[in-house]
Amino acid sequence: MRYIIGIGNYSMADDSIGLRIVEHIIQNGLDKGFEAVDIADEGTRLLFYLKYETEKIVLIDAVDLGLAAGEYRLFEPKDVETTKETQELTTHEGDVLKILEFARNLSYPVPLITILGIQPGNLEPGMELSPALQERFDIYLKVALEEIRKDG
Amino acid sequence: MSQNISVNVHHLTRVEGHGNIVVDVRNGKIEKMQWQVPEAPRFFEAMVRGRHYTEVARITSRICGICSIGHTLASVKATENALGIQITPQTFKLRTIIKHAENFDSHVLHIYFLVAPDLFGAPSVFPLVPTHTEVVVRALRMKRLGHEWGSLLGGRTTHPNRVIPGGFAEYPTEAELKNLKQRLINLQPDLDATVQTVLSVADKVPSFERPTEYMALSSDTEYALYDGVIQTVMPDGTKQRWPVAEYRSCTNEYVVPQSTAKYAKNKMGSYMAGALARFNNNYGLLHPEAKKLAEALKFKPLCFNPYMNSVAQLVEVVHSVKDSIRLLDEVLDAGYRPEDLAKPTKSGRGQGAVEVPRGILFHDYGYDNNGMCTGGNCIIPTNQNHGNIQLDLEALVPKLLAAKKDERAIELGLEMLVRAYDPCISCSTHYLKVEFKR
């Protein structure tokens, strides 16, 4: 099984980018050959998709990459180090990299994971994406779909 | 006494959201003692204004990632009340089952991941992985069941999309409901092991009592989670009830200088909401197996120890499993089938209340003749608890000082007290911040 998983807070502007892409995929029936999953701000739920039968996960999240708002990068968890000071394992200010580390320590089967990290422009309360992310929404969608369908 | 104590817990860990504990004691005199909530308002009431009634629950479910089922249910109940929509007995029972799923899931997270580290003497759940592997694996196994239990009925656990005004947009199959029932039956060994784990550390639950008022939904027929009227029980055992429509007269929100969140009070200086409040109000209607556990723990109402809120959550974990098995039997025996959505019959204003993991939750909306929302109000249980937390801290600090506890012990005692309330202050952002390895 393959999954596109969105994580974030829907009501905090660009933090919701992953959720909105997943929502778009589901609403438009684009989830063919994979499942699109919204785990919202409950990062620990990522653990439930780390299964032996999981072939690949594309995780979409707002990521502070030090880029201009709206720019994006595709990378694997092993390519990066988290520099975010987070609380312990709560749903608040979740850090999926720490959840993956937790999973590895518990011998969960961690499949191939690609993160589509998108530089947020606005993380204040709000139900809309910032213009920089709105303009590139179709690009993120295309990249995510290409990535999940790619072999390996 | 010449004790000087300075506690400044900035962004208390293992709670959802940001809260600070500030204590300043000079020469044994408490000069400052504050529970501070510094988070910004999120304006959900403004976001629903002008939205069609079919959209409102989808928006308000986003208030919280843990209680999104509860916000959805409170929202659709308020909308149904405002628009004169009558749901069927099957819908009522299925919604109660999904409410159980949320409380089960959240309580497991709180007991195992947020409270247990204190009782095991660990700073977080991470160090428990090598030392208590089976406990952590069990917790995740139970959480997974909670996740799949909620997803089966709600379409997804986080922000369910099947629960809509008038009923359900989609239904699980009969076979899926039977499978869920079997999985709940099969959970017994994990429930037993959880009880044993809690019993093994029960002596580490601090003993502290401060009588207060306890508010919860209440019903004559069931341990109210999905539906009921407002009830409070006073320290002398006196109970009083109010219709949900009168929630404002019981919550009496007010503002305080140290907090961006509103506080609430009713007959006393503050009241408590949450599992302990439900336990104190509705003990007699717990499932017999849940009562048996409470008796084994020598835990009975009225309990005035706020640290026991986590133990009340454990009792509710058992109740939610057993009561869901009962409800699934009733739904299946009555000839389970998908039902058409019930339709609006009027416009106007309506209220809805449910018991989310952290306590009683109110939603209130007005709708015009076109079904467009004219205004809303949500009162969240964590906000209702802030005043009680403050008064608990004010009562606890002198006791800790009198017991000659050192600064670190006082800090830990206060942190554990706040954590016991399982506060969910707000769900903030979840973005990553990374640097690429060279």
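Residues numbered from 1 in each chain as written. Chains lettered and ligands numbered in written order. Predicted model: local features only at pLDDT ≥ 70, side-chain atom pairs only at ≥ 80, totals over all residues. Heavy atoms only, no water.

## Concerning the sheet that holds strand S1 (residues 5-9) of chain B
Residue and element names in this part refer to chain B.
Item 1. With antiparallel pairing, three strands are arranged side by side in an open sheet as S1-S2-S3. Edge strands, defined here as strands with exactly one partner in the open sheet, are S1 and strand S3 (29-36). Taking the axes of each pair of neighbouring strands and ignoring which way they run, one obtains an average angle of 5° across the sheet.
Item 2. By the bridge criterion, five bridges tie S1 to strand S2 (residues 20-26) in an arrangement that is antiparallel. By the bridge assignment, Ile-5 is partnered in S2 with Val-25.
Item 3. Where helix H13 (residues 381-402) meets the sheet, its contacts fall on S1, S2 and S3, and the angle it forms with S3 comes to roughly 150°.
Item 4. Strands S1, S2 and S3 of the sheet are contacted by helix H14 (residues 407-420), whose axis makes an angle of about 40° with S1. (Pairing = 2+ DSSP bridges. Helix = DSSP H or I, 4+ residues; strand = E, 2+ residues; numbered from the N terminus. Axes fitted to C-alpha atoms, helices over the stretch in contact; angles between N-to-C directions. Contact = heavy atoms within 4.5 Å.)

## Overview of helix H12 (residues 309-333) of chain B
Residues lying three or four places apart along an α-helix face the same way, a consequence of the helix completing one turn every 3.6 residues.
All names here are of chain B.
Item 1. Under the 1.5 Å per step criterion, the end-to-end length of H12 is 35 Å for 25 residues, consistent within 8% with the ideal 36 Å.
Item 2. The buried fraction of H12 is high, at 21 of 25 residues.
Item 3. Note on H12: the residue one or two positions beyond its end, Gly-335, has a positive phi of about 85°. (Expected span 1.5 Å × (residues − 1). Buried < 20%, exposed > 50% of the residue type's maximum accessible area, 1.4 Å probe, protein only.)

## Topic: the packing of aromatic side chains
Item 1. Evaluated as defined, the whole model comprises 14 aromatic pairs over all chains.
Item 2. A ring pair is formed by B:Phe279 and B:Phe299, whose centres lie 4.0 Å apart and whose planes are at 0°; its orientation type is stacked. Of this pair, B:Phe279 sits in helix H10 (residues 275-282) while B:Phe299 sits in the loop between helix H11 (288-296) and H12, and the two are 20 residues apart along the sequence.
Item 3. Here B:Phe279 falls in the buried class, since its relative accessible area comes to 1%.
Item 4. Three or more aromatic residues link up through ring pairs in this structure, and these residues are A:Phe102, B:Phe113 and B:Phe126.
Item 5. The positively charged end of A:Arg20 is found above the aromatic ring belonging to A:Tyr10, 4.1 Å away from the centroid.
Item 6. Positioned above the aromatic ring of B:Tyr226, the side-chain terminus of B:Lys77 is 4.6 Å from the ring centre. (Phe/Tyr/Trp six-rings, centres within 6.5 Å; stacked < 30°, edge-to-face > 60°. Lys NZ or Arg CZ within 6 Å of the ring centre and 35° of its normal.)

Read these as layout, nothing more, since geometry by itself doesn't imply function.
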